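Structural features, examined
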Protein chains: 2
Amino acid sequence: MAPDMAGINPFDFSTYRLPLAPLVTSAVLPVERPSLRDNTALAERIAAAAQRQGGFKEVRLSLETARGLNMGFFQGNGALWVALSEEDGLCRVVEVRSMERAGPVYGLAVDLGSTTLVLALVDLEKAAIVQEVSLTNPQTEHGLDILTRIHFADKTAGHDKMVELLRDGIKEGTDRLCTAAKIRPHQILAAALAGNTTMTHFCLGLPTASLVREPYVPIVNRPRDLTAADLDLGLCPSAPLFILPNKGSYFGGDLMAGLVTADFNRSEEVCLLVDVGTNAEVVLGQRDWLIGAAGAAGPALEGGVAAMGMTAGPGAIDRVRIDRTTRAVSYTTLSGLPPRGICGSGLIDLLAEMYLSGIIDYRGRLTLSETDGRWTRTDEGAAFVVAPGEETATGEPILLSEVEIDILIRSKAAMYTILETVLLSVGMTFDQVARFYVAGTFGQYIDPRLAVAVGMLPDIPLSRYVALGNSSLTGAVLALLSAEARAGALSAWQRLTYLELNVNQDLMNRFSAARFIPHTYRERFPSVGTLIR
Amino acid sequence: MAPDMAGINPFDFSTYRLPLAPLVTSAVLPVERPSLRDNTALAERIAAAAQRQGGFKEVRLSLETARGLNMGFFQGNGALWVALSEEDGLCRVVEVRSMERAGPVYGLAVDLGSTTLVLALVDLEKAAIVQEVSLTNPQTEHGLDILTRIHFADKTAGHDKMVELLRDGIKEGTDRLCTAAKIRPHQILAAALAGNTTMTHFCLGLPTASLVREPYVPIVNRPRDLTAADLDLGLCPSAPLFILPNKGSYFGGDLMAGLVTADFNRSEEVCLLVDVGTNAEVVLGQRDWLIGAAGAAGPALEGGVAAMGMTAGPGAIDRVRIDRTTRAVSYTTLSGLPPRGICGSGLIDLLAEMYLSGIIDYRGRLTLSETDGRWTRTDEGAAFVVAPGEETATGEPILLSEVEIDILIRSKAAMYTILETVLLSVGMTFDQVARFYVAGTFGQYIDPRLAVAVGMLPDIPLSRYVALGNSSLTGAVLALLSAEARAGALSAWQRLTYLELNVNQDLMNRFSAARFIPHTYRERFPSVGTLIR
């Protein structure tokens, strides 16, 4: 839970208990030198040697790989260094080098975040992250939210521009990784990409309009047979790409990456995964079945609704504590800078602490008297002063109005309702959930104790909550490293049943009951009572 | 044997007795409209419908095809027009159209001749050539012979230039075909290419240097998994390409196309195929075995050595007759124009008629007296006046010197020696050859009776000689139309054994014996005696 996401992930492959079987591996092949007696072409010669040595059903070289061949490769001691990629018994030769140019097999893992791109350079044979970098998704210059970008893409040349910006971002990130690692992008021989369905579509140059119009259908669920050249990424042209598949517009490859990271494929126990972004995505299941739902719950939780809300970044208030007796407010900010706003986890903290210290009641109404120093009036009515102007970066106070509190409560209620509905659909209760994974930035910073206190997350033992961190990136790294992870992502995609959330009276009743802190039925949140004052 | 090669080939698919199974076929698929209940992506939806209907093991869409999809396709009556390509149970969706845009499935067949490119637009479902066009290979501006071009390609940017010129030629030819057929190149959904190994390498952008340096090894024998986009041909990007494979630098895809056209794969009888170009390539065999050899025999026969030699084109003398009594010379020219030179078949005719009318003796020496009007002296010694200056296009007489006659005799002797050597290698004699196919322009124009008369081709019944015409193009057309033809090309490539012609004393003895007209052993050419005077 390092606050600086750009730092190196504390990635330890051994903790995942996955067999190492990278997307691309190297081999040294004995290859006989061409002669007048045996004039078999260079490509077929290398393929035959790989087939003999690896016992593959078939070995093929791409045209791009073949273009790099020449007789010079065969002047040496009769051995060649090759990078190979296998799928379903078919082996592809990704790269051929003379022995003196042998080197590590590098892979690129990319988290295609709509706000931030995170890239990791992975040594596929050492199963280690060599470098990691994050940068702002260049698409953000044309809109912070995805919908704006899809509308931009509808304009003439808008789609091409969006595709170009995203790929430029990946290339920029790759260049930074390579500079740091002192290699050239051409030495990267494999890549795995995970992102939400829209980002993945942009990255592949696929149309995006259908994603946001009923019935919200992607163009492709499982992109395959792709190499770096197809996306013009500047890596080794024949480098295979593994794209984490999507299950509809709202269930992206990032979520599949999360399921891989949380190892749903091998879990006998029933687990829950929640990814809170623009939407809240929820998956319940274990190795034999998966059911998922998605719904709008995110904007407020992501910091996108409150006037002072902001995405997690330097100067964002991420932790809030309010003294139960004095009601003194203390907080921390990301990077320790003077506060500029409040990020999603800060908002949940704030809401919980305000409730637990009696500043708001169970309906979210301020109980402070108008003479209290923390009380103020805004255009939106009464508001709470989180940080007075003299403490903030801008000199303006950071406030939370009753209207914003209501939006926050609606968001947390939506989240809880989605969770409840998914569990009801399979006739289960929360106490039957063995592990509750919270993915993404939100999960990285949130304090589950306080998310429970406001009734956003269910009141299960805290030890069952697991912050997955950037599981989009981790899942991509695992896909680079392990055939089992790749198979797991595909299997999750195939097994996942999408539960359409029908807005019927039952759901509305559940939502209404959740619009109190922690809930209309307080008995569902027995631990909250112990926290108050 | 139409003299104008640019005309439409009299192609009749039914004569080949091959089952029609084109490289790409069309189908109408019932595809359910996406809905909130079933939000499967468009690509997967189409793939599933094709799989259901066609019973394929697996169906995939390329990224390029997916990029063309949108919800508009699903507004209609629930049916889509698709173009499919299948290989080894894996079906690829080449193109998707709404029903109102359904149309013929067009394929492009290309003969990658080093001098002339010939392209045919084929209706794959009607098994008919719709349009045919030929144009000069634009590479010829940098050298008429292949060796010059490969050396040019060794220079900086020279290879790229060669590749670009060749592809530009294909695109120019395609544009002409499309203009004539009133379609756009994007409507061409498949292509098959046949050419010698060098032309195929240039077309694929593969290095060519190794082809002409010992041990004369190609970069790739069997290019595969290619689409039109890989070669930037401007066709439908996902159009599959079938490239006729090569068996070494001297056994190109054009020869495999010849073997397919001549149906060696199903022949129980032993056949011979000869392709005379810059090299003479010979294949002997039947459905169970194939043995081939190549050797330098061509230049003279292609018109490249005699001072008045020229490739078959307008104004080339292609037929010569000399009255046995009066020794009056008559000839025809291609396109009926005043003569500019003599093409390969004309040279063979001339040599044979000169011998049969006693103008040269069995050693190729002129027997005319110096006072004869047909006798003249050149820098190269005595020469025969084929056409006096007043008859020719340039006003200069067309001559054939004794030196040139000697080169011609050496060429025909080389040809005969290669044939004899290949037969000897399997312990066979010429009378065991059921059919003798002569491919290419040479075979198209040559009179086998006279080729036998000079001892270039063996003295077997004339009915066994078959002119294959442009079998490089025909083989490519057949590959477009028939899975059996495609399998046949691959099978021929795999079965063909290359016989390295060792220049030993035995071979030199055979060559020396063949350096007379028709041969040192006249008894091998019994029919020739009946032709003389």
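Everything numeric here is computed off the predicted structure, so don't read it as measured data.

Moving on to the overall build of chain A. In terms of helices and strands, chain A carries 16 helices and 21 strands. For chain A, whose C-alpha radius of gyration is 26 Å, the value lies close to the compact-globule estimate of 24 Å for 533 residues. Along the three orthogonal principal directions, the C-alpha set of chain A runs to about 100 × 50 × 45 Å. Taken across its 533 residues, chain A has 59% of its residues classed as buried. Just so you have it, chain A exposes about 20,500 Å², and 50% of that area is on carbon and sulfur atoms. Positive and negative charge centroids in chain A, built from 47 and 59 side chains respectively, lie 3 Å apart.

It is worth spelling out helix α3 (residues 146–154) of chain B at this point. Residues and elements named next belong to chain B. Every buried residue of α3 is listed here: Ile146, Arg149, Ile150, Phe152 and Ala153. The arc that holds every buried residue of α3, seen down its axis, measures 155°, which confines them to one face. Those residues of α3 that are buried are in contact with α4 (158–181) and α5 (197–204).

Right, let's get into the interface of chain B and chain A. Taken together, the contacts link 42 residues of chain B with 43 residues of chain A. With both sides pooled, the region where chain B packs onto chain A buries about 3,400 Å², and carbon together with sulfur makes up 58% of that total. On the surface where chain B and chain A come into contact, there are six salt bridges. A salt bridge links B:Arg224 to A:Glu58; the shortest N-O distance between them is 2.7 Å. Connecting chain B to chain A are 20 residue pairs in polar contact (both at pLDDT 80 or more). For the side of chain B that touches chain A, the elements supplying multiple residues, two or more each, are α1 (42–54), β2 (58–61), α2 (63–67) and α6 (228–231) of chain B. Within the side of chain B that touches chain A, the residues separate by chemical class into 21 nonpolar, seven polar and 14 charged.

Given 3.6 residues per helical turn, the α-helix brings residues three or four places apart onto the same face. All names here are of chain A. The buried fraction of helix α7 (residues 253–261) is high, at nine of nine residues. Within α7, the full set of buried residues consists of Gly253, Asp254, Leu255, Met256, Ala257, Gly258, Leu259, Val260 and Thr261. At the C-terminal side of α7, aspartate 263 shows a positive phi close to 60°.

When chain B is fitted to chain A, the best match, at an RMSD of 0.2 Å, comes from turning it 179° and sliding it 0.0 Å along the axis. Taken together, the rotation and translation relating the two chain copies correspond to the operation of a two-fold axis. Every residue of chain B has its C-alpha some distance from the rotation axis, and the shortest such distance is that of B:Asp230, at 5.0 Å. Looking at the interface residues of chain B, 100% of them are also at the interface in chain A, so both copies use one shared face.

For the rest of this paragraph, the subject is the environment of A:Asp160. Among the structural elements, A:Asp160 can be located in helix α4 (residues 158–181). Expressed as a C-alpha distance, the spacing of A:Asp160 and A:Phe56, which sit 104 residues apart in the sequence, is 40 Å.

Here the focus is the sheet that holds strand β16 (residues 375–378) of chain A. Residue and element names in this part refer to chain A. Here we have three strands laid out as an open sheet, ordered β16-β17-β18, and antiparallel in their pairing. The open sheet has two edge strands with one neighbour each: β16 and β18 (398–401). Neighbour-to-neighbour, the strand axes of the sheet open up by a mean angle of 45°, direction not taken into account. Where strand β17 (residues 381–387) and β18 come together, four bridges link them in antiparallel fashion. Bridge pairing links phenylalanine 384 to leucine 400 in β18. Against the sheet, helix α10 (residues 402–425) engages β17 and β18, with an angle of about 70° to β18.

All right, on to the environment of B:Thr148 then. Tracing the backbone through its elements, the reader meets B:Thr148 in helix α3. What B:Thr148 contacts, discounting residues up to four positions off in sequence, is B:His142 and B:Gly143.

All names here are of chain A. Read across the open sheet, the four strands follow the order β1-β3-β4-β2; overall the sheet is mixed. Of all strands in the sheet, those with a lone pairing partner are β1 (25–30) and β2 (58–61), marking the two edges. Sheet twist, expressed as the mean angle between neighbouring strand axes with direction ignored, is 40°. Across six bridges, β1 lies against strand β3 (residues 79–87) in antiparallel orientation. Paired with serine 26 across the two strands is alanine 83, which belongs to β3.

Quick look at the state of the cysteines now. All names here are of chain B. In total, this model carries zero disulfides over all chains according to the counting rule given. Lacking any disulfide linkage, cysteine 91 is separated from the closest cysteine sulfur, that of cysteine 236, by 14 Å. Residue cysteine 91 is classed as buried on the basis of its relative accessible area, which comes to 0%. Cysteine 178 takes part in no disulfide bond, and the closest cysteine sulfur, belonging to cysteine 236, lies 12 Å away. Classification of cysteine 178 as buried rests on a relative accessible area of 2%.

Residue and element names in this part refer to chain A. Orientation of α7 relative to helix α13 (residues 471–481), taken along the N-to-C sense of each, is 70°, at an axis distance of 7 Å. Judged by the angle between their axes, α7 and α13 are roughly perpendicular. Across from Asp254, Ala257, Gly258, Val260 and Thr261 in α7, the residues of α13 making contact are Ser471, Ser472, Thr474, Gly475, Ala476 and Leu478. Considered class by class, the residues forming the contact of α7 with α13 number four nonpolar, six polar and one charged.

According to the stated counting rule, one finds 18 aromatic pairs over all chains in the structure shown. Cluster of aromatic residues (ring-pair linked, three or more members): A:Phe11, A:Phe13 and A:Tyr16.

Basis of the calculations
Residues numbered from 1 in each chain as written. Chains lettered and ligands numbered in written order. Predicted model: local features only at pLDDT ≥ 70, side-chain atom pairs only at ≥ 80, totals over all residues. Heavy atoms only, no water. Helix = DSSP H or I, 4+ residues; strand = E, 2+ residues; numbered from the N terminus. Rg over C-alpha atoms; globule rule 2.2 N^0.38 Å. Buried < 20%, exposed > 50% of the residue type's maximum accessible area, 1.4 Å probe, protein only. Areas by Shrake-Rupley, 256 points an atom, 1.4 Å probe, with all protein chains shown as cover. Lys, Arg positive; Asp, Glu negative; His and termini not counted. Charge placed at Lys NZ, Arg CZ, Asp CG, Glu CD. Arc of directions from axis to C-beta. Contact = heavy atoms within 4.5 Å. Buried area = accessible area lost by both parts, 1.4 Å probe. Salt bridge = Lys/Arg side-chain N within 4 Å of Asp/Glu carboxyl O. Polar contact = N/O pair within 3.5 Å; in protein donor to acceptor, adjacent residues only side chain to side chain. Nonpolar A, V, L, I, M, F, W, Y, C, P; charged D, E, K, R; others polar. Least-squares fit on C-alpha atoms with pLDDT ≥ 70 in both. Pairing = 2+ DSSP bridges. Axes fitted to C-alpha atoms, helices over the stretch in contact; angles between N-to-C directions. Disulfide = S-S within 2.5 Å. Parallel < 35°, antiparallel > 145°, perpendicular 65-115°, else oblique. Phe/Tyr/Trp six-rings, centres within 6.5 Å; stacked < 30°, edge-to-face > 60°.

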